[in-house]
Amino acid sequence: MDTYEAETVETKWQQYWDENATNVTDLSRSGDKFYNLMMFPYPSAEGLHIGNIYAFTGADIQGRYRRLAGHNVFQPIGFDAFGINAENFAIKSGSHPAFQIPANIENFRRQLKSMGIMYDWSRAVDTTQPDYYRWTQWIFVKFFEQGLVEHREAPVNWCPVDKTVLSNEQVIDGMCERCGTQVELRLLKQWFFKITDFAERLLDNVEQDDFDWSPSTKLIQKNWIGRSEGAEVTFDIKGTERSISVFTTRPDTLFGVTFMVLAPENPAVAEITSDAQRAAVEAYVNETQQQDLNSRRRAEQGDKSGVATGGFAVHPITGEDIPIYVADYVMMDYGSGAVMGVAAHDTRDFEFAQRHGLPIVPVIECGEDPSRTSGDMAEAYTDKAEADRLINSGACDGLSIPDAMAAVTKTLANKGAGSTQTTYRLHDWCVSRQRYWGPPIPIIHCDTCGPQPVPEADLPVLLPELEDFRPSDDGTSPLSKVDDFVNVPCPKCGNPAKRETDVSDTFLDSAWYFLRYPSVGTDGAPFDPQVTKDWLPVDMYIGGQEHAVLHLLYSRFVTMALSDMGYLGIEEPFKSFRRHGMIVRDGQKMSKSKGNVVGPDEYVAKYGCDVIRCYLMFMGPFTEGGDFRDSGIAGIVRFLRRLWTQVTESGAAPSDPDALDDIDAREYNATVKKVGEDLANLQYNTAIARLMEFSNHVRGRQRNYTMDEAKAVCVMLAPFTPHLAEEMWQALGQSQSVFVEGRWPAHDDTKLHAETVVVPVQVNGKRRGELSLPKGASQDAAHEAAIADETVSRALDGKEIRRVIYVPDRILNLVI
């Protein structure tokens, strides 16, 4: 820009904001509050890349817009700094996470500040600091006291290289997503948060009309919780006092059950297995333990292996013997770890029955297509057409599907063998991690008293300084090697006891950070009651699609549980959630392997951060993303240079918008309306496009902005290019920051429809002028006006007009 040095101007205004606390929010003034939140970053050693900057910039634009629109905006930042990524990097590089993480945070802080993001740094959090994780541990203790924590053995994904438990989402095609190692299945004692107790409420809230989340995110949440309506059916085990309950969504198919399948981990397997089959069953169970949970789930679509136990269940209605098998496609984390095999009407059961030579008994006759009763049409099993009727089902023969479901369920209830039931796909949240870099779980194990929570007065349980923090192969945490950490008295009886050595999952750190931000500095509680009441819930939450399931679900659960305990007055933490899109580089996904990951520093040094901010938002819709190409930056540079000139040279024209003619008044008011609406809806690319159109309009009218137009343009541009807007605002004679003095301009709807319109005139496709024409003017009238216009006449140069192309109120093209 001719007289605008980006580096100088941006440094100047960043220092101004710091010195004048421009971005610090007065939380005592909660009227018209707007809590604007972006998911906080994990401070990796590589620093922020341009995709991160894209996300943070888009969230910042929302906060700056809301501030200019009159809201008291709170926009905090923090660092999600515990976890395996930092630990693995430290192991690989020979450093220590306690030294590496602070350096990473400082680099992130520098990069975010260099992008001019409006953070209230006075309330930043760092999850690795004791004054934060003290309260993470407090939450664990409170959940334990409320019976929402359970310590139990469970099958888990185990990475033999990272030497820790992995969530299902951290396993990709059987491999650890971080190191690419084949994952194993292990039975370990783990700490679980009982999120399943809240499944119904979590699901019901999503379905409320005022739950202002994008439809795709709501659908993901609903599918993950996964409510299923059906019946619980109890099968007695022949020759034992044991029974096994099975959940089914289709009790009407009960007469088609010809076998039962148990998960290898089901505790009933050992008891019901006959002596003759014991060796085969034990070998099969041992084999399945070498698989990860995701591979087990894929067994539903693959080869249906399995072994007969030699035991039999008793059909609850017919009394027939049903052989029991053990198979890897059945999981303990769904229902009771047992399924009833209805081979004629379920694909996986049909495949299993075919492989193992089991009976296939159709019990549904499909009225429109009787051939659908065979096993190979099992996909149609969920069809509940009124024409479908039961067959081979005793007294239920001839009943429609809905009537049969009710009749079978009633029969089971009368026999004491079943009842209506609702189940969920959602599982309890495993929060144990057998690593070093995390908050120690605040539990002490006593042989006499059992597990006891660390007293609140003794929190935080500090993470010991440990030079050798490498994880072990046997599944025990590195903290187990620190004797003076492990050996402590029981807080209840005083006898010798042992401290828990697992640390908690980083998802717990991030499940409540938004509650801490407004209360940073409050030492006696995790969140100040009045401030929390004034500022929660979050008004706008922006984040990545990769966290649209677990992070959001865990945050909702923690908020809901704390509300039930009386610590919060809200049940849901986020009024609105919007996911940001992803950007690619020259048409390809950014990745280290492709060598196309872009860092922001070189671009900020070359163009200034305002240019990069504006370009990132102009690439495409913020919620969808765009393609980062160096060649596209030049257009934004030209646009901002032109705006700088137009604004700083304004003032000669009338300052009163009422003095503008109808065409100018319409364009001005339409711009204010459009940009404001687009910003509120995160449609940043079209808002910038409208500002470009208005700039072109003013230039095409061969005039400068009026003073009022110039001020309005400064305000409308400020969310995108805050430093440039500040400099323009000052050039217009204003004494304070545009974010202090400026207010979003109002538009006048009555001036959005002018009697005249501006029609661009092209000669052979090149713009040569414009005409002010009555709205709806005919082609002849437009043609005559063009010929009479001096500028257009010069372009015609006396040549014959061979063709006239006219779109009323839009464009006139003269072909010579």
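Residues numbered from 1 in each chain as written. Predicted model: local features only at pLDDT ≥ 70, side-chain atom pairs only at ≥ 80, totals over all residues. Heavy atoms only, no water.

J.: How should the overall build of the chain be read in this particular structure?
T.: Looking only at helices and strands, the chain has 27 helices and 35 strands in total. Its C-alpha atoms give the chain principal-axis dimensions of about 105 × 75 × 50 Å. The buried share among the 816 residues of the chain stands at 54%. As displayed, the chain has an accessible area near 34200 Å², and 47% of this comes from carbon and sulfur atoms. Here the chain carries 81 positive and 117 negative side-chain charges, and the mean point of each set is 4 Å from the other. (Helix = DSSP H or I, 4+ residues; strand = E, 2+ residues; numbered from the N terminus. Buried < 20%, exposed > 50% of the residue type's maximum accessible area, 1.4 Å probe, protein only. Areas by Shrake-Rupley, 256 points an atom, 1.4 Å probe, with all protein chains shown as cover. Lys, Arg positive; Asp, Glu negative; His and termini not counted. Charge placed at Lys NZ, Arg CZ, Asp CG, Glu CD.)

J.: For this particular structure, what's the right way to read the pattern of salt bridges?
T.: A pair can form between side chains of opposite charge whenever their charged atoms are brought close. Counted by the stated rule, this structure contains 44 salt bridges. Of the charged contacts, one joins Arg201 and Asp564 as a salt bridge, the two residues approaching to 2.7 Å between their closest N and O atoms. Here the residue Arg201 occupies a position in helix 6 (residues 199-206), and Asp564 occupies one in helix 17 (residues 550-564), the gap between them amounting to 363 residues. Overall, the relative accessible area of 26% leaves Arg201 in the partly exposed class. A salt bridge links Arg227 to Glu207, with the nearest nitrogen and oxygen atoms 3.6 Å apart. With Arg227 in strand 11 (residues 227-237) and Glu207 in the loop between helix 6 and strand 10 (212-213), this pair connects stretches of sequence that are 20 residues apart. Given the relative accessible area of 40%, Glu207 is considered partly exposed. (Salt bridge = Lys/Arg side-chain N within 4 Å of Asp/Glu carboxyl O.)

J.: Quick question: what am I supposed to make of the packing of helix 20 (residues 633-648) against helix 24 (residues 722-731) here?
T.: The N-to-C vectors of helix 20 and helix 24 enclose an angle of 20 degrees; their axes lie 9 Å apart at closest approach. In terms of their interaxial angle, helix 20 and helix 24 are classed as roughly parallel. Our pair here, helix 20 against helix 24, has a crossing hand that is right-handed. Contact with helix 20, carried on its side by Leu640, Leu643, Trp644, Val647 and Thr648, involves Leu724, Glu727, Met728 and Ala731 of helix 24 and no other residues of that element. Residues belonging to the contact of helix 20 with helix 24 are distributed by class as follows: 7 nonpolar, 1 polar and 1 charged. (Axes fitted to C-alpha atoms, helices over the stretch in contact; angles between N-to-C directions. Parallel < 35°, antiparallel > 145°, perpendicular 65-115°, else oblique. Left-handed = near helix turned anticlockwise from the far one by under 90°. Contact = heavy atoms within 4.5 Å. Nonpolar A, V, L, I, M, F, W, Y, C, P; charged D, E, K, R; others polar.)

J.: Looking at this structure, I do not really get the pairing of strand 32 (residues 756-763). What am I missing?
T.: Residues in a regular strand point their side chains to alternate faces of the sheet. Burial within strand 32 is extensive, with 6 of its 8 residues counted as buried. Strand direction decides the pairing type here: strand 32 and strand 33 (residues 766-774), joined by 8 bridges, are antiparallel. What sits directly across from Val761, in strand 33, is Gly769. The hairpin formed by strand 32 and strand 33 contains 2 residues between the paired strands, and Asn764 there has a positive phi angle of roughly 55 degrees. Where strand 32 and strand 35 (residues 811-815) come together, 3 bridges link them in parallel fashion. What sits directly across from Val761, in strand 35, is Leu812. (Pairing = 2+ DSSP bridges.)

J.: In this structure, what is going on with the packing of helix 19 (residues 609-618) against helix 20? I would like to understand it.
T.: To characterise two packed helices, one gives the angle between the axes of the helices and the distance between these axes. Here helix 19 crosses helix 20 at 120 degrees, and the two axes come no closer than 9 Å. Every pair of crossing elements has a handedness; the one defined by helix 19 and helix 20 is right-handed. Contact residues: helix 19 offers Asp610, Val611, Ile612, Cys614, Tyr615 and Phe618, while helix 20 offers Ile633, Ile636, Val637 and Leu640. For the contact of helix 19 with helix 20, a count of residues per class yields 9 nonpolar, no polar and 1 charged.

J.: How do you make sense of the nonpolar core when you look at a structure like this?
T.: Note on soluble globular proteins: their nonpolar side chains tend to be buried together. Counting residues in each nonpolar core, the largest one holds 171 residues, and the members touching the most others are Phe143, Trp429, Leu616 and Phe628. Leave out the neighbours within four places in its chain, and Phe628 touches Ile50, Ile583, Val584, Arg585, Asp586, Met590, Val598, Tyr603, Tyr615, Leu616, Met619 and Ile633. In terms of nonpolar packing, the next biggest core, distinct from the first, is built from 47 residues, Phe259, Val307, Val326 and Leu390 among them. (Core = buried A, V, L, I, M, F, W, Y, C linked by side-chain atoms within 4.5 Å.)

J.: Any chance you could explain the sheet that holds strand 33 here in plain terms?
T.: In sheet architecture, strand pairing relies on hydrogen bonds along the backbone and comes in two forms, parallel and antiparallel. The 4 strands are arranged 33-32-35-34 in an open sheet whose pairing can be described as mixed. Looking at the sheet topology across the chains shown, the edges are occupied by strand 33 and strand 34 (803-807). Each strand axis lies, on average, 20 degrees off the axis of its neighbour in the sheet, ignoring direction. Helix 21 (residues 662-680) contacts strand 32 and strand 33 of the sheet and is inclined by roughly 95 degrees relative to strand 32.

J.: I'm lost on the packing of aromatic side chains in this one. Help?
T.: Any pair of aromatic rings gets described here by the distance separating the centres and the angle formed by the planes. Inspection of the entire model under this criterion finds 44 aromatic pairs. Ring geometry for Tyr513 and Tyr517: centres 5.5 Å apart, planes at 75 degrees, overall edge-to-face. Accessibility classification places Tyr513 together with Tyr517 in one group, the buried group. Each member of the aromatic cluster is reached from another via a ring pair, and the members are Phe140, Phe143, Phe144, Trp191, Phe193, Phe198, Trp429, Phe507, Tyr554 and Phe557. (Phe/Tyr/Trp six-rings, centres within 6.5 Å; stacked < 30°, edge-to-face > 60°.)

J.: In this structure, what is going on with unusual backbone geometry? I would like to understand it.
T.: Where the residue is not glycine, phi is negative for most of them; where a peptide bond is considered, it is trans in most cases. In this model, Leu459 is joined to Pro460 through a cis peptide bond whose omega is 5 degrees. In this fold, Pro460 is placed in the loop between strand 23 (450-453) and helix 13 (483-486). The omega torsion across Leu536 and Pro537 is 5 degrees, close enough to zero to call that bond cis. Structurally, Pro537 can be placed in the loop between helix 16 (529-535) and strand 27 (540-543). Residue Ala21 is not a glycine yet carries a positive backbone phi of 50 degrees. The backbone phi angle of Leu682 is positive, close to 60 degrees, even though this residue is not glycine.

J.: What exactly am I supposed to notice about the pairing of strand 35 here?
T.: The buried fraction of strand 35 is high, at 4 of 5 residues. Of the pairings in the sheet, the one linking strand 34 to strand 35 comprises 5 bridges and is antiparallel in character. If you follow Ile805 over to strand 35, its bridge partner there is Asn813. Linking strand 34 to strand 35, which pair antiparallel, is a turn of 3 residues; within it Asp809 sits at a positive phi near 70 degrees.

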